Structure formats: structure tokens, C-alpha cells
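# Inside the fold
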Amino acid sequence: MSEHPTGLRERKRQRTYRAISDAAVALFLEKGFDRVSVSEIAEAAEVSKPTLFRYFPAKEDMALHRFADHEDEAARVVTGRPDGRTPLTALEEHFLAGLRAHDPVTGLCDAPEVLAFHRLLYGTPSLLARLHTYTARSEEALATALERAAPDAERTALTARVAAGQIVSTQRVLATGNWRQIADGAAAAALLPRAERDAHHAFALLRTGLAAYR
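Every value quoted in this text rests on a predicted model; they were computed, and no experiment measured them.

### Topic: the pattern of salt bridges
Across all of its chains, the model carries 8 salt bridges by this definition. The partner of glutamate 10 in a salt bridge is arginine 13, with the nearest N and O atoms 3.5 Å apart. Here arginine 13 and glutamate 10 lie together in helix H1 (residues 5-31), a separation of 3 residues that amounts to about one turn. For arginine 13, a relative accessible area of 35% puts it in the partly exposed group. Between arginine 130 and aspartate 61 there is a salt bridge; the shortest N-O distance is 2.7 Å. Of this pair, arginine 130 sits in helix H9 (residues 125-149) while aspartate 61 is found in helix H4 (residues 59-63), placing the two residues 69 residues apart along the sequence.

### Considering the packing of H9 against helix H10 (residues 157-183)
Where H9 contacts H10, the two axes come as close as 8 Å, and the packing angle between them is 130°. Taken together, the axis directions place H9 and H10 in an arrangement best described as oblique. Considering only the axes of H9 and H10, their crossing is right-handed. Within the contact between the two elements, H9 uses Thr135, Ser138, Glu139, Leu142, Ala143, Leu146 and Glu147 and H10 uses Ala157, Ala160, Arg161, Ala163, Ala164, Gly165, Ile167, Val168 and Ser169. When the residues that make up the contact of H9 with H10 are grouped by side-chain class, the tally is 9 nonpolar, 4 polar and 3 charged.

### Thoughts on helix H7 (residues 87-100)
Think of an α-helix as turning once every 3.6 residues; residues three or four places apart then point the same way. A rise of 1.5 Å per residue sets the reference length of H7, with its 14 residues, at 20 Å; its end C-alpha atoms lie 20 Å apart and thus fit the reference within 8%. For H7, the complete set of buried residues consists of Pro87, Leu88, Ala90, Leu91, Glu92, Phe95, Leu96, Gly98 and Leu99. Within two residues after H7, histidine 102 carries a phi angle of roughly 55°, on the positive side.

### What about the environment of threonine 106?
Mapped onto the secondary structure, threonine 106 falls in the loop between H7 and helix H8 (112-122). Note: C-alpha distance between threonine 106 and threonine 176 (70 residues apart in sequence) is 8.0 Å. With near-sequence residues (within four places) excluded, threonine 106 lies in contact with Phe95, Gly98, Leu99, Leu174, Ala175 and Asn178. One polar contact links the side chain of threonine 106 to the main-chain carbonyl oxygen of aspartate 103, over a distance of 2.7 Å.

### Focus on the environment of alanine 157
By the element assignment, alanine 157 lies in helix H10. The exposure class of alanine 157 is partly exposed, given its relative accessible area of 31%.

### Notes on H10
Compared with the 39 Å implied by 1.5 Å per residue over 27 residues, the 38 Å span of H10 between its first and last C-alpha is a close match. Residue glycine 185 follows H10 closely and has a positive phi angle near 115°.

What counts and how
Residue positions are given per chain, counting from 1 as you read along its sequence in written order. Residues qualify for local features only when their pLDDT is at least 70, as the model is predicted, and side-chain atom pairs are given and counted only at 80 or more; totals for whole chains, interfaces and linings, by contrast, use all residues. As a rule here, side-chain values come from all non-hydrogen atoms in the structure, and water together with hydrogens is ignored. By definition, a salt bridge exists where a carboxyl oxygen of Asp or Glu is found within 4 Å of a side-chain nitrogen of Lys or Arg. A run of DSSP states H or I qualifies as a helix once it reaches four residues; a run of E qualifies as a strand once it reaches two. Both are numbered from the N-terminal end. To sort residues, take the accessible area from a 1.4 Å probe on protein chains only and compare it with the maximum for the residue type: under 20% means buried, over 50% means exposed, and anything in between is partly exposed. Fitted lines through C-alpha atoms give the axes, limited to the stretch in contact for helices. The angle between two N-to-C directions lies from 0 to 180 degrees. Geometric relationships in this document are graded by angle, where less than 35 degrees denotes roughly parallel, more than 145 denotes roughly antiparallel, 65 to 115 denotes roughly perpendicular, and other angles denote oblique. Handedness of a crossing is defined here by the sense of rotation of the near helix relative to the far one, left-handed for an anticlockwise turn of less than a right angle and right-handed for a clockwise turn. Residue contacts are counted whenever heavy atoms from the two residues lie within 4.5 Å of one another. Residue type decides the class: Asp, Glu, Lys and Arg count as charged, Ala, Val, Leu, Ile, Met, Phe, Trp, Tyr, Cys and Pro as nonpolar, and the leftover types, Gly among them, as polar. The span you would expect from a helix comes to 1.5 Å times its residue count less one. Whenever two N or O atoms come within 3.5 Å, that pair is a polar contact, provided that in protein one can donate a hydrogen and the other can accept it, and provided that, for residues adjacent in sequence, both atoms are side-chain atoms.

Okay, here's the thing in C-alpha cells:
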């Protein structure tokens, strides 16, 4: 049975997204973000400039496409968690699994290409500014999932938004700390036990609140 045309179109669309992003990142790593023009990216990806802008509204988005894939990840973890598992426990387990898999999103990855990309990201102010947009969308998606997961008596949008902000910020702090140690020369495998302890401690703080600072 042949694949539905809609499925074929979506697969082609995703391949084009990937081709443009891969071409852009390769050029950014080679020349630096600010030294690469949109025309160069279009030529490298073998698409026209109008086509390129249909897929990516800004040059920064071409570099951050891989983060877009993770925008709703936390929300999906909460929504798809097993029965009896709390949202925070599911998120902690997911982050720990990412550490053990050396997922670049956790910062605990010392693959040369990942290190090069992180140096590009953290060394380019416009990319960091654009990353905040992705972070905000991740928080919004997680807040929606958390509000739906809360007991009726505790289901408020404000509680969900505050919780989502704390969770996303905690994951960012953990990932940034891991990346900084990797950038300073630490090996991901050697750093794993400490990263796991840090994650356990950070999620424990989320459970108990900021009692130490009252």
C-alpha cells in the first residue's frame, strides 16, 4: 500500500528543513554566524531565497532548528507519563535518561561537532536572544500540560505557569553547567556521576521549594 500524499509531503518538508539547517550550521561553524549571508545558505542548500524564508523566518532559526525539535518535549513527557507517575518525577527520569545517553540538550555531550555548535551558540548574542523565544514556547507548552495534569482543586493557570518556568529554568541551569565543564575539558563519561547528583539535587529543590532562602 502506497504512503498517503500528505505523509509524503510532510517527509519532504522535514527533509528540506533539515537540509537548510545542516547547510546553515556548517557555514556558521566554518565562517562564523555574522559572516554568512542568507544567499550563501540558499546556494549551499540548493534552494531559492524565497523557499528558504518559507521554512525559516530568520537566519537564527536555521541554526536553532534542532532546538525546535525539543520545544514540546517536556510537555510530551508530562502528557505521556505512566499512570501513578507524577509530572516532576517523569521529568526528572527523562532528564536523567538524557544524561546517560549524552543527549546534547542536557549539555553532557563531548562529541566534537556538539562542542563546536555550543561554542557557536554561546558565543553569538543574536542566537542566544533567539533561543529565549524557543524557551518561552517550551514553558508555555509545559504549563498547559501541567495545568491539565493537576488535580481539579489545584488546577490554576498561574500555578502551572510558575511551575513550568521553574522546571524549564532548572533544566537550562543544569545543561549550561554541564556544558561549561565539558568546554573546560571534562569528559562526558567522567562527569556523568556528578551531573546525575546535580540533577537529583535540583529536582529535589523543585519539590521542596526555596525553603533555604525564606
